[in-house]
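Each chain is listed here by its residues.
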Amino acid sequence: MNKIGMPRGLFYYYYYPLYKTFFSDLDARVILSQKTTRITIDQGIDAAVDETCFPIKVYFGHVKELCRYDLDYLFVPRLVSIEPRSYICPKFMGVPDMLRASIDNLPPLIDITVDLSRSDRVYKDQLFKTGKLFTKKTGRIKDAYEHGKQELAYCQAIAAQGYTMAEAIDIWQGEDIEQQLNGSLRIGVLGHGYSLYDEAISMNIISRLRQMGCTVVLPEALSLEEIEQEAATMPKRIFWTLGRKMVGSALKMEKMADIDGIIYVACFGCGPDSFIGEIIERKVSDKAYMLIIIDEHTGEGGLVTRLEAFCDMLKRRRRHKIEDYISAYG
Ligand code: SF4
């Protein structure tokens, strides 16, 4: 049985169920790297060039871990675009080349190009060629891909119930995770999935907020149509897929009466985040908003203090709102 390594980073948080199912149905064994630890981060920092952003460095750490196993292939898709007329950050495009240039003992890479900006023909062609590494039967490859898409849709439906994508993937794999939707404050939390849902990168921001008595509302819990509708109110179309999702989600959350405040988690060194965070800050005027920029040097103490202060401020605002409605005559 062929062994395929998959790094637990970047688009793992959006597409793992699809590719895991695809390869498993073709009788390949998928080996996933462990959850991110300080060792993963340090290995990634050592291997990656300084100019890349934090999530890419962490991805390198995951690849380094997988290089220790005896793998037949390493699956590192070259993501260009995942939907028509929109693009993924160009750093994704260069990941397979950067890995080849920086890490010596890499297993053979499966680096299919995912570019759906104009059509899905090239992507499907490459996926079928990949499938041919494991079986000669075209029908089997097609079925594996269709099955993968169904599993991904199922996992997304789990996330829509209020789980993070990381939790949804764990539930999809059979784990039991309790839903935490009873917090006294409701906070919208935004960020690219690979930084927000990786507990080491985001320094557990979602669990910390839940421990502080907040219910966290994530973009995956909003409908795609609503997000696109809100994003379409911008004077110019945002052609970065994730950036548009963030802006649309923030504008939608601003209109949701039950949301008390919005937090945007951005990564230091991220080009798109540097202006998407700014756009959201300017547009969201009716809700409390906090931008948190993280990198490998961010300290936990400072983060916790900021989160506590934000929650205290939201509680005070709520109290004042209630007091404002008390009649002066009792
Ligand atoms: S969008 Fe930002 S965080 Fe994501 S890969 Fe690009 S530079 Fe890094």
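See the structure printed just above.
What comes next is a walk through the structure.

## Remarks on the site of the ligand
Here comes step 1: Looking at the ligand, the residues that line it are C53, P55, C89, K91, F92, H192, Y194, C270 and P272.
Here comes step 2: Of the residues belonging to the shell around the ligand, the class tally is 7 nonpolar, 1 polar and 1 charged.
Here comes step 3: Here the shell around the ligand spans two domains, and each of domain 1 (3-159) and domain 2 (180-324) adds at least three residues to it.

## Remarks on the sheet that holds strand 5 (residues 109-110)
Here comes step 1: Strands sit in the order 2-1-3-5 across an open sheet of 4 strands; the sheet is parallel. Single-partner strands in this sheet number two, and they are strand 2 (29-32) and strand 5.
Here comes step 2: Note that strand 1 (residues 3-6) and strand 2 share 4 bridges and pair parallel. Residue I4 lies in a different strand from strand 2, and its bridge partner there is V30.

## Some thoughts on the packing of aromatic side chains
Here comes step 1: As enumerated under the stated definition, the model contains 16 aromatic pairs in all.
Here comes step 2: Between F23 and F75 the ring centres are 5.1 Å apart and the planes differ by 75°, which places this aromatic pair in the edge-to-face class. Taken together, the residues span a long stretch of sequence, with F23 in helix 1 (residues 12-25) and F75 in strand 3 (residues 73-75) at a distance of 52 residues. Of the two residues, F23 and F75, neither departs from the other in class, the shared state being buried.
Here comes step 3: By the ring-pair criterion, three or more aromatic residues cluster together here, those being F11, Y14, Y15, Y19, F22, F23, Y73, F75, F92, F134 and Y194.

## As for the side chain of T135
Here comes step 1: Position of T135 relative to the elements: it lies in the loop between helix 6 (121-131) and helix 7 (138-159).
Here comes step 2: Looking at T135, its side chain comes within polar contact range of the main-chain nitrogen of K137, at 3.1 Å.
Here comes step 3: Once residues lying within four places of it in the same chain are set aside, the contact partners of T135 are L26, R140 and I141.

## Description of the packing of helix 11 (residues 224-231) against helix 12 (residues 241-255)
Here comes step 1: In contact at an axis separation of 7 Å, helix 11 and helix 12 are set at 95° when each is read in the N-to-C sense. One way to sum up the angle between helix 11 and helix 12 is to call them roughly perpendicular. In this structure, helix 11 contributes E226, I227, E228, E230 and A231 to the contact, and helix 12 contributes R244, K245, G248, S249, L251, K252 and K255.
Here comes step 2: When grouped by side-chain class, the residues that make up the contact of helix 11 with helix 12 number 3 nonpolar, 2 polar and 7 charged.

About the criteria used
Starting afresh in each chain, residues are numbered from 1 along the sequence in its written order. Under the rules for a predicted model, residues below a pLDDT of 70 receive no local features and side-chain atom pairs below 80 are neither given nor counted, while totals for whole chains, interfaces and linings still include all residues. Computation of side-chain values: all heavy atoms of the structure, hydrogens and water removed. Near, as used in this document, describes a residue that has one of its heavy atoms within 4 Å of the molecule or strand being considered. The classification used treats Ala, Val, Leu, Ile, Met, Phe, Trp, Tyr, Cys and Pro as nonpolar, Asp, Glu, Lys and Arg as charged, and all other residues, Gly among them, as polar. Each domain's extent is set by a domain assignment, obtained either automatically or from a database. Two strands qualify as a pair provided that DSSP identifies no fewer than 2 bridges between them. Strands here are runs of E lasting at least two residues and helices are runs of H or I lasting at least four, both read from the DSSP assignment and numbered beginning at the N terminus. The pairing test for Phe, Tyr and Trp rings, Trp by its six-membered ring, is centres within 6.5 Å, and the orientation test on the planes gives stacked under 30 degrees, edge-to-face over 60, and tilted for anything in between. Summary of the burial criterion: residues with accessible area below 20% of their type's maximum are buried, those above 50% are exposed, and those between are partly exposed, where the area comes from a 1.4 Å probe applied to protein chains only. Two N or O atoms form a polar contact when they lie within 3.5 Å of each other; inside protein one atom must be a possible hydrogen donor and the other a possible acceptor, and for residues adjacent in sequence the pair counts only when both atoms belong to side chains. What makes two residues a contact is simply this: any of their non-hydrogen atoms within 4.5 Å. As a rule, the C-alpha atoms of each element are fitted with a line to give its axis, helices using only the stretch in contact, and angles between N-to-C directions run from 0 to 180 degrees. The labels follow the angle: roughly parallel below 35 degrees, roughly antiparallel above 145, roughly perpendicular from 65 to 115, and oblique for the rest.

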